[in-house]
Structure formats: C-alpha cells, structure tokens
Amino acid sequence: KDDKRMYFNNPMWPGEAHSLEVKEILFKERSKFQEVLVFESATYGKVLVLDGILQLTERDEFAYQEMIAHLPLCSIKSPKNVLVVGGGDGGVLRELARHSSVELIDICEIDQMVIDVSKMFFPDLAVGFEDPRVHLHIEDALEFIKRVPKGKYDAIIVDSSDPVGPAQDLVEKPFFEMIANALRPGGVLCNMAESMWLHTHLINDMISACREVFKGSVHYAWANVPTYPSGVIGFILCSTEGPPVDFRNPVNPIEDLEGALEHERELRFYNSQIHRAAFALPSFVRKQVSCL
Ligand SMILES: NCCCN[C@H]1CC[C@H](N)CC1
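The notes below deal with the structure included here. Note that the coordinates shown come from a computational prediction; the quantities given were computed from them, not determined experimentally.

**Observations regarding the site of the ligand**
Item 1. If you check the shell around the ligand, you find Leu-54, Gln-55, Tyr-64, Gln-65, Asp-89, Asp-159, Ser-160, Ser-161, Asp-162, Met-192, Tyr-228 and Ile-233 and nothing else.
Item 2. Contacts to the ligand include Tyr-64, whose side-chain N or O atom sits 3.3 Å from a nitrogen atom.
Item 3. Between the ligand and Asp-89 there is a distance of 2.7 Å, counted from a nitrogen atom to a side-chain nitrogen or oxygen.
Item 4. In the complex, 98% of the free accessible area of the ligand, which totals 350 Å², lies under the protein chains.
Item 5. Elements supplying a minimum of two residues to the shell around the ligand: strand S5 (53-57) and helix H1 (61-73).
Item 6. Of the residues assigned to the shell around the ligand, the class counts are 5 nonpolar, 4 polar and 3 charged.

**Overview of the nonpolar core**
Item 1. In terms of nonpolar packing, the biggest core is built from 54 residues, with Leu-71, Leu-96 and Phe-235 touching the most fellow members.
Item 2. Among the elements that make up this core, the one with the highest residue count is H1 (7 residues).
Item 3. The contact partners of Leu-96, leaving out residues within four places of it in the chain, are Ala-69, Leu-73, Val-82, Val-84, Ile-105 and Ile-157.
Item 4. Listed in part, the 40 residues of the second largest apolar core include Phe-176, Ala-193, Phe-214 and Leu-281.

**Some details on the pattern of salt bridges**
It is possible for side chains bearing opposite charge to pair when their charged atoms get close.
Item 1. Inspection of every chain in the model, using the stated rule, returns 12 salt bridges.
Item 2. One salt bridge connects Arg-268 with Glu-61, and the closest N-O pair in it is separated by 3.8 Å. Separated by 207 residues along the polypeptide, Arg-268 in the loop between strand S12 (232-239) and helix H8 (272-277) and Glu-61 in helix H1 bring together distant segments of the chain.
Item 3. Between Arg-94 and Glu-95 there is a salt bridge whose closest N-O contact spans 2.9 Å. Summarising the burial analysis for this pair, Arg-94 and Glu-95 share the class buried.
Item 4. One salt-bridge network, in which partners are shared between bridges, spans Glu-61, Arg-94, Glu-95, Arg-98 and Arg-268.

**As for the sheet that holds strand S3 (residues 35-41)**
Item 1. Read from one edge of the open sheet, 5 strands run S1-S2-S3-S4-S5, paired in antiparallel fashion. Edge positions in the sheet fall to strand S1 (4-8) and S5, since each of these pairs with one other strand and no more. Neighbour to neighbour, the strand axes of the sheet diverge by 45° on average, direction disregarded.
Item 2. Note: S1 against strand S2 (residues 18-30), 5 bridges, orientation antiparallel. The residue of S2 that forms the bridge with Lys-4 is Val-22.
Item 3. Against the sheet, helix H3 (residues 112-121) engages S2, S3 and strand S4 (46-50), with an angle of about 115° to S2.

Rules used throughout
- Residues numbered from 1 in each chain as written.
- Predicted model: local features only at pLDDT ≥ 70, side-chain atom pairs only at ≥ 80, totals over all residues.
- Heavy atoms only, no water.
- Near = heavy atom within 4 Å.
- Polar contact = N/O pair within 3.5 Å; in protein donor to acceptor, adjacent residues only side chain to side chain.
- Areas by Shrake-Rupley, 256 points an atom, 1.4 Å probe, with all protein chains shown as cover.
- Helix = DSSP H or I, 4+ residues; strand = E, 2+ residues; numbered from the N terminus.
- Nonpolar A, V, L, I, M, F, W, Y, C, P; charged D, E, K, R; others polar.
- Core = buried A, V, L, I, M, F, W, Y, C linked by side-chain atoms within 4.5 Å.
- Buried < 20%, exposed > 50% of the residue type's maximum accessible area, 1.4 Å probe, protein only.
- Contact = heavy atoms within 4.5 Å.
- Salt bridge = Lys/Arg side-chain N within 4 Å of Asp/Glu carboxyl O.
- Pairing = 2+ DSSP bridges.
- Axes fitted to C-alpha atoms, helices over the stretch in contact; angles between N-to-C directions.

Below you can see the structure in the form of structure tokens.
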C-alpha cells in the first residue's frame, strides 16, 4: 500500500515517534520564526506542524483547547480580563468566548503566519478571532508582558509550543514573575506543561519556579490527547496571593454558564467531572514531581 507516512520524532521524546498517514500537503513555508506545515491526514483530519512538532489535529484539538481554557476560567468567579500567550490558531479564543462574564481577551502571538494559516485551513479554530472582545498583538510575549499594568488580568493562559525555539523563554522564572505581576490578587495562570510520561524533569523545574513566584496555589493537571507524544498533555495551574483558588472544585462550573453549552459548538471533552479528575495524579508523578 503506497501510503505516505510522516514521522514526528524529536529530541524531546527520544527513541519514539508518532506517525500519521499523509493524504496531501496543503501548506509548507518558513515564517520569520519557524517552519509552518499543514497537511490533510488519513484519519486525524487536517494537521498543523511547527518545526516538525505536532501542534494540533482536527481530530482531538478540542480536548486540549477546552481544558487549557476552562480549567482556569471555571476556577474563578466571573473572569473579566484574560490574556492568551501564543494560541495563534485561535482554538483557545473559541473556548474563552463561551464565558459571558469575559469582557476583554488580549492575545499575544509572535508569528503572524500561524494566524494566517489557521484562518486558511482551520476555520473552526480561527473563528475565535471573530469575537469582538479579542484584541490581537503580534509580538514577543516577553516584550508584551513587560508593558502590562500590575494586576490587569483575572486569568492568563500560556498556550505555547515546546520550550525549544520561539517559546524557549516562556518556561523561565523571569517570565513567570512578569505573569504574576500582570495578574490580580487571586488571579490564575494556566500553562501548557508537557507530558508526565516524558518530561518530569522539565515539569519539576517549571513547578519549582512557579512555587517560588505564585504565593496562592500551584497544581498539575492532565488530559488525554492522542495526537501528542505519549497521548497526554499537562497543565500547570497557579494562583497569585489573595482570595484562595481551589482548582479541584470549580466555583464557576461550565454547566451553570448560560450560553456556554448550547454555543454553536458543543463541548466535546471538558465538563466539571473531567475538571476534577484532571488533578488526580498517578503515584509516580507525585513522587517524581517533588512539590505536588
Ligand atoms: N494551540 C495549539 C496547541 C499547542 N500545544 C502543543 C502541546 C504539545 C507540544 N508538544 C506542542 C504544542
């Protein structure tokens, strides 16, 4: 059978690779920052790849986008001002739009090509940019975050690619300090945090840095996303000093949000049970990630 396969190996997951059968290459160019590739796969729908790393597939992107958006926003009452770092495909914006309490969504994406490509090939994600509350900033988040007034946001979501290349600096303590400064007391951060099967050292380092910076609470949650290496992706959830945030019991359950569910796209992964379950960790993770 002459199926063409693409293999996604990377030094971040040595000795293994996810492969997807390719039906047709739809886009391939270098942006100022990275190689941007889109292809139609045989069984995962359209696929977005940056510098050879799987970013999302139509088949399961909703699992990631719903979790990274609703884990933080359902953990605080009536979130109003939200910042998204990265997320240029628009999927997180689509999910944030379900929250009627939100009044402002700033998004800081470094690579315009990611946005253009998403609008061309992933309309169900790029729909997020159509929400009038969205304000787009095309620049390095390290620069953007320096200009943010203290305590501006209720929630910040870091939907970054892996900390190799453009997103390198987004897992360092100085960035977390600027994030904490930009959050109100009791404000929350949700940060993409790799795989508990592959990256416990990186997770340890990120959580240690977060524990020093965020004086509220720091938790690790995870979701099953077949597209990503080892089939899981994690999230670090932090809150700044102030009104305590109990991430494991959503005070703002999505089921109570009028308009969130009958939204033209139903929720396909996230719900309050999955929210609670996401913070239940395997014993080896609790052991290896020291401060959990
Ligand atoms: N908004 C697109 C999702 C980007 N997140 C991915 C998580 C897994 C990483 N290895 C690559 C980025």
